[in-house]
Amino acid sequence: MKTFVTLLATLVMAVSAHAAEFTKGTVKKLDTSAKKVTIAHEDLKNLDMPAMTMVFRIKDDAILAKLKEGAAIEFVADRVDGKLTVTEIK
């Protein structure tokens, strides 16, 4: 049983690591009052979405503070409450 739990924990960590794949993009527009950012991005593999320019929501003020129009970024986006949202940035 202990081996099964260890294997399961390893599998969960591997899936979590894969889910946080960063995508390159460029900030085109920033709307801090609405907490939205427009990003021209490469393929979003985790969302099965081709490269395009689109608007994302941002829930975390710390992420919002790091963004500047024209900046090249790497980010993670996911569906949060049914809305496309930037969840991580570097």
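Residues numbered from 1 in each chain as written. Predicted model: local features only at pLDDT ≥ 70, side-chain atom pairs only at ≥ 80, totals over all residues. Heavy atoms only, no water.

Asker: Teacher, can you tell me more about the overall build of the protein chain here?
Answerer: Helix and strand counts for the protein chain come out as 2 helices and 5 strands. Each helix (α) and strand (β) of the protein chain, taken in turn from the N terminus, gives the series α-β-β-β-α-β-β. The buried share of the protein chain, reckoned over its 90 residues, is 28%. Long-range pairs, those at least 24 residues apart, make up 47% of the contacts in the protein chain between residues at least 6 apart in sequence. (Helix = DSSP H or I, 4+ residues; strand = E, 2+ residues; numbered from the N terminus. Buried < 20%, exposed > 50% of the residue type's maximum accessible area, 1.4 Å probe, protein only. Contact = heavy atoms within 4.5 Å.)

Asker: Help me understand unusual backbone geometry in this model?
Answerer: Even without a glycine there, the phi angle at Asp48 is positive, about 55 degrees. Within the secondary structure layout, Asp48 lies in the loop between β2 (36-41) and β3 (52-58). Although it is not a glycine, Asp81 adopts a positive phi angle of roughly 55 degrees. Within the secondary structure layout, Asp81 lies in the loop between β4 (72-80) and β5 (83-89). For Asp81, a relative accessible area of 66% translates into the label exposed.

Asker: What exactly am I supposed to notice about the side chain of His41 here?
Answerer: As for its position among the elements, His41 is in strand β2. Among the residues examined, His41 registers a relative accessible area of 4% and is labelled buried. Apart from residues no more than four positions distant in its own chain, His41 is found in contact with Thr23, Lys24, Gly25, Pro50, Ala51, Met52, Met54, Phe56 and Phe75.

Asker: Mind showing me how you'd approach the packing of aromatic side chains here?
Answerer: In this description, an aromatic ring pair is defined by two values, namely the gap between the centres and the angle between the planes. Enumeration over the complete set of coordinates arrives at 1 aromatic pair. Pairing Phe56 with Phe75 gives two aromatic rings, centres 5.6 Å apart and planes at 70 degrees, and the pair type is edge-to-face. Of the two residues, Phe56 is situated in strand β3 and Phe75 in strand β4; the sequence distance between them amounts to 19 residues. Judged by its relative accessible area of 0%, Phe75 falls in the buried class. (Phe/Tyr/Trp six-rings, centres within 6.5 Å; stacked < 30°, edge-to-face > 60°.)

Asker: Looking at this structure, how should I read the pairing of β2?
Answerer: Sheet faces and side chains relate simply in a regular strand, where the side chains alternate between the two faces. Relative to β2, strand β1 (residues 23-31) runs antiparallel, the two sharing 6 bridges. Within β2, the position partnered with Val27 by the bridge is Ile39. Once β1 ends, the chain turns through 4 residues before running back antiparallel as β2, passing Lys35 with a positive phi of about 55 degrees. Across 6 bridges, β2 lies against β3 in antiparallel orientation. (Pairing = 2+ DSSP bridges.)

Asker: I would appreciate a short explanation of the pattern of salt bridges in the present structure.
Answerer: Opposite charge on two side chains permits pairing when their charged atoms draw close. Inspection of every chain in the model, using the stated rule, returns 4 salt bridges. The salt bridge partner of Asp61 is Lys35, with a shortest N-O separation of 2.8 Å. With Asp61 in helix α2 (residues 61-66) and Lys35 in the loop between β1 and β2, this pair connects stretches of sequence that are 26 residues apart. (Salt bridge = Lys/Arg side-chain N within 4 Å of Asp/Glu carboxyl O.)

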